[in-house]
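Structural description and commentary
Letter by letter, the chains look like this.
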Amino acid sequence: MSSRPEFHQLLDESWKCAKTVLCVGIDPSNEMFPTSAPLDELGILEFSTSIVDAVSQHVCAIKMNHAHFASQGHESELESLIGYIHERYPSIPVILDAKRGDVDSTAEKYAEEAFNRYSADAVTVNPFMGWDTIEPFISYRQHGVIVLCRTSNPGSYWLQDEPSASPMYLRIAERVQKEANPNLMLVVGATNEDALVRVRQTAPDVAFLVPGVGAQGGSAENVLKLGRRQDGLGLIVNSSRSVIAQDRKSSAYFDQVALAAKSLSKSLSLDVA
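Below is a short write-up of the structure. The model shown is predicted, which means the values in this text are computed figures rather than measured ones. (Residues numbered from 1 in each chain as written. Predicted model: local features only at pLDDT ≥ 70, side-chain atom pairs only at ≥ 80, totals over all residues. Heavy atoms only, no water.)

1. With respect to the pattern of salt bridges
We apply this condition: Any Lys or Arg side-chain nitrogen found within 4 Å of a carboxyl oxygen on Asp or Glu counts as a salt bridge. The secondary structure listing takes helices from DSSP runs of H or I that are at least 4 residues long and strands from runs of E that are at least 2 residues long, numbered from the N terminus. Whether a residue is buried, partly exposed or exposed follows from its accessible area with a 1.4 Å probe, protein chains only, as a fraction of its type maximum: under 20%, in between, or over 50%, in that order.
Summed over all chains, the structure comprises nine salt bridges. Linking Arg100 and Glu113 is a salt bridge whose minimum nitrogen-to-oxygen distance equals 3.0 Å. Of this pair, Arg100 sits in strand β3 (residues 94-100) while Glu113 sits in helix α5 (residues 104-117); the two residues are 13 residues apart in sequence, bridging distant segments of the chain. Here the two residues Arg100 and Glu113 agree in accessibility, since each one is buried. Several salt bridges converge on common partners, so that one network encompasses Lys63, Asp97 and Lys99.

Structure follows, in C-alpha cells:
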C-alpha cells in the first residue's frame, strides 16, 4: 500500500504549487500516436512518459484511462507509468480513470487493483448500483474516490437528469457532500454549465473532476467562474485530446504537447498563496 500523503493533501499542495487546475489525460491510441514511434509495449511506455515529461510543469494532476491501456494488453505499462510519475514527479497526483462500479465483493477487487496493483492516488467510480459498491474504495482512506455525477457526454441527460424534479445527479452530489470526506470528489462535465452551477450549490465543499473543456466544447473561463469552491480551489479540469492530439508526423511532437499544455494551463490558472 502507498506511503504517499492523503489524496486531498497531495491535491491541495499541487494546486498551490502548480497554480493551475489543469489535468492532462494520457489516453494513448492509434489515432494520435506519433508515426515515428513503434506501437509496442516499449513504444507505449516511452510515449506516455514523454507526455508526462512534457506537461509536468503545467498540471495539478495527471489522469490515465484504464481502457486505453488494457484494451491493447498494456496493463503492465500502465503500472510502470504510474510508478514513473510517483518517482520523478512525486507532487503530482495520479488519477486512474476506470469508472468502476459493481457488487461489494467485486468492488473490493477493483479497489485492490486501483490502489495496490497500480498505486493510483485516486480512481473514478460509478454509483449506479448503490453506495455499498463505493464503500470498498472509501475504505482505502488515504486515496481519492471520484464519483460520477453529471458527465460531459451528450447522452448523459437520459438518466442523470431524471427524474426532473429531483435529478439523479443532484442526489449523488447531496450524498457526497453529506459524507464530508475530503478524499471524495465528483465528476461534473464542463459541457452543461447549468448542471455545474447546481452541483456546486448542492456540494459546496466537494472538489470536482471536470472533463469536457477543449475538444468537447466546454469553456475553461466559465468552468473557473462557475465551478470553484469558495476558497478558490476545488477543481481538476481534465483535457486529453486538446493537449496530446498534435501533429503525429512532426519531429517536434512533444514540444507541441508542452506548448498546448502551457497555453491551456494559463487559461486555467489560479491566484492562490
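2. Re the side chain of Thr124
The condition that has to hold: In the analysis that follows, any N or O atom pair within 3.5 Å is treated as a polar contact, provided that within protein one partner can donate a hydrogen and the other can accept it, and provided that, for residues neighboring in sequence, both atoms belong to side chains. Throughout, a contact is declared for two residues whenever any of their heavy atoms are within 4.5 Å.
Summarising the element assignment, Thr124 is placed in strand β4 (residues 122-125). When its relative accessible area of 1% is taken as the criterion, Thr124 is described as buried. Side chain to side chain, Thr124 and Asp97 meet in a polar contact 2.8 Å long. If sequence neighbours within four positions are ignored, Thr124 has contacts with Leu96, Asp97, Ala98, Lys99, Arg100, Ile146, Val187 and Leu209.

3. A word on unusual backbone geometry
Cis peptide bonds are those with omega within 30 degrees of zero, and the linkage from Glu162 to Pro163 qualifies with -10°. Among the structural elements, Pro163 can be located in the loop between α7 (157-160) and α8 (168-179). Phi angles above zero are rare outside glycine, and Lys19 is one such case at about 55°. Looking at the element boundaries, Lys19 is found in the loop between α1 (7-18) and β1 (22-26). One non-glycine residue, Ser119, lies in positive phi territory at about 60°. Structurally, Ser119 is set in the loop between α5 and β4. When its relative accessible area of 25% is taken as the criterion, Ser119 is described as partly exposed.

So yeah, pure geometry; function would need other evidence.
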